[in-house]
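Now for the letters of each chain:
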Amino acid sequence: MRRLPHPSIYDLDHDTVATAIDDATAARVYRQLYRERRRSSDDLARTRAATGTADAAPLRRLGVTQGRMSTKYLFGLADGGAIESVRIRRRTGMTACVSSQVGCAFGCTFCASGRLGLQRHLRAGEIVQQVLELGPRINRIVFMGIGEPLHNYEQVLAAIRILRDRRGLGLKTSGITISTIGIPRRLRQLREEHLKLNLTISLHASTDEVRRALIPGARGVRLAQVIEASQSWAHRHNRTVTYVYLLLPGINDAPADARRITRLLEGAKARINLMRWNPVLGGDTYQRVDDRSLARFRAALHHGGLDVTVRDTQGKDIDAACGQLWLRDLRPDP
Ligand code: SF4
């Protein structure tokens, strides 16, 4: 795995700047970076010198693809890698769907992002700059781009702390969602953070065997452990966990799957989002579930007492829906 690049000014939390220089400079630096969105000033230059951070910004915009409701951005990294982010328009603002790693180690069979494995984690500043580059109207952030955010726990949490700092962007943590396959050890760590985030867990199976086949990188983790750790987080923070279930015909859509899911989540602080599969590069691996089967599965969960919603991901028109990022633009030359 490649090493993290040299830190940039976007990696600095307010206290670090205040310690390196003084409180007044830190306040100005945060205002200039995050409210005025400046790239250069005497204060920024002084901060870079005092903290030994890189002169250049960590991301370079390489491309923009405009869709109906979403805009996909391709960013080049200082070490030659690349990532994608998506801006999604809503009635009340914009959502930034950000990447947390270059590639992904978990290799989900329905996702483009993991096909070349994990190249490296992103630095906090590389995550923060994605949000800045996506524009001033961003008021929600979802960690649903490339990478598994809890696999890059320290940098993702550092980015969230910078993004929520009221002296800078001041984004509400209730508008930030971590979407994860569920790493129990990290979920227990997240439970202890004083952050009122939203948590989405990719479930996708009702048995450990099917889940291992769909998410090879999570083979050492049992479904019961994922649910136990995520529910422990939910109770500690009095939140509901969203469990995402990608319906794949003939694989995880049988009546017995619905019964097992109902049993697994009985009494849990849970909501289920059922999703259809989006074709990825080179992929006719799976079929898209038809409306009748989807309705049947939904009804079975609903009768089991679960709160179920069918979600269609935004961005299919520009290959920016869940599981489609990255490979289309960045596959190696033949
Ligand atoms: S779905 Fe998420 S965890 Fe799975 S390979 Fe894609 S980015 Fe990684």
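Treat the numbers as computed from the prediction; the structure is a model and nothing was measured.

Observations regarding the overall build of the chain
For the chain, the helix and strand inventory stands at 11 helices and 12 strands. Taken over C-alpha atoms, the radius of gyration comes to 20 Å for the chain, in line with the 20 Å a tight globule of 334 residues would show. A total of 334 residues make up the chain; the buried ones form 54% of that total. By sequence separation, contacts in the chain at least 24 residues apart represent 68% of the contacts at least 6 residues apart. Summed over its atoms, the accessible surface of the chain is roughly 15200 Å², and 47% of this surface lies on carbon and sulfur atoms.

Examining the pairing of strand β9 (residues 198-202)
Judged by how many residues are buried, β9 sits mostly within the fold: four of five residues are covered. Taken together, the four bridges between strand β8 (residues 176-180) and β9 define a ladder with parallel strand orientation. In the strand pairing of β9, Ile178 is matched with Leu199. Handedness of the crossover is the feature at issue here: the chain leaves β8, passes through helix α6 (residues 184-191), returns alongside β9, and the resulting connection is right-handed. Across three bridges, β9 lies against strand β10 (residues 241-247) in parallel orientation. Directly across from Ile201, in β10, lies its bridge partner Tyr243.

Regarding the pattern of salt bridges
All chains considered together, the criterion is met by 16 salt bridges. Through salt bridges with shared partners, a single ionic network connects Arg2, Asp79, Arg120 and Glu126.

Brief notes about unusual backbone geometry
Positive phi values are uncommon outside glycine, yet Arg37 reaches one of about 55 degrees. Relative to the helices and strands, Arg37 resides in the loop between α2 (23-35) and α3 (42-51). Among the residues examined, Arg37 registers a relative accessible area of 32% and is labelled partly exposed. Although it is not a glycine, Asn238 adopts a positive phi angle of roughly 50 degrees. Along the chain, Asn238 falls in the loop between α8 (223-237) and β10. Take Asn238: its relative accessible area is 57%, and that puts it in the exposed class.

A short note on the environment of Arg48
As for its placement among the helices and strands, Arg48 is situated in helix α3. Spatially, the C-alpha atom of Arg48 lies 6.4 Å from that of Ile9, the residues being 39 residues apart in sequence. When neighbours within four sequence positions are excluded, Arg48 is seen to be in contact with Ile9, Arg39, Thr53, Ala54 and Asp55.

Quick word on the site of the ligand
Taken together, Cys104, Phe106, Gly107, Cys108, Cys111, Ser113, Gly114, Gly147 and Ile181 make up all the residues around the ligand. Of the residues in the shell around the ligand, the class split is five nonpolar, four polar and no charged.

Rules used in this analysis
- Each chain has its residues counted from 1, following the order in which its sequence is written.
- The model is predicted, so local features are restricted to residues of pLDDT at least 70 and side-chain atom pairs to those at 80 or more, both for listing and for counting; the totals for chains, interfaces and linings are taken over all residues.
- Water and hydrogen atoms play no part in the side-chain values, which are based on all heavy atoms of the structure.
- Helix and strand definitions here come from DSSP, where helices need a minimum of 4 consecutive H or I residues and strands a minimum of 2 consecutive E residues; each element is numbered from the N-terminal end.
- Here the globule rule is a power law, 2.2 Å times the number of residues to the power 0.38, and the radius of gyration is based on C-alpha atoms.
- Buried residues are those whose accessible area, probed at 1.4 Å on protein chains only, stays under 20% of the maximum for their type, while exposed residues exceed 50% and partly exposed ones sit between those limits.
- What makes two residues a contact is simply this: any of their non-hydrogen atoms within 4.5 Å.
- Note on areas: Shrake-Rupley with a 1.4 Å probe; residue coverage comes only from the protein chains shown.
- Criterion used throughout: strands pair if DSSP finds at least two bridges between them.
- If you view a crossover with the strands going away from you and the path from the first strand over the helix to the second runs clockwise, you call it right-handed.
- Just to be clear on terms, a salt bridge is a Lys or Arg side-chain nitrogen sitting within 4 Å of an Asp or Glu carboxyl oxygen.
- Note on definitions. A residue lies near a molecule or strand when any single heavy atom of the residue is within 4 Å of it.
- Amino acids outside the nonpolar list (Ala, Val, Leu, Ile, Met, Phe, Trp, Tyr, Cys, Pro) and the charged list (Asp, Glu, Lys, Arg) are all regarded as polar, and Gly is one of them.

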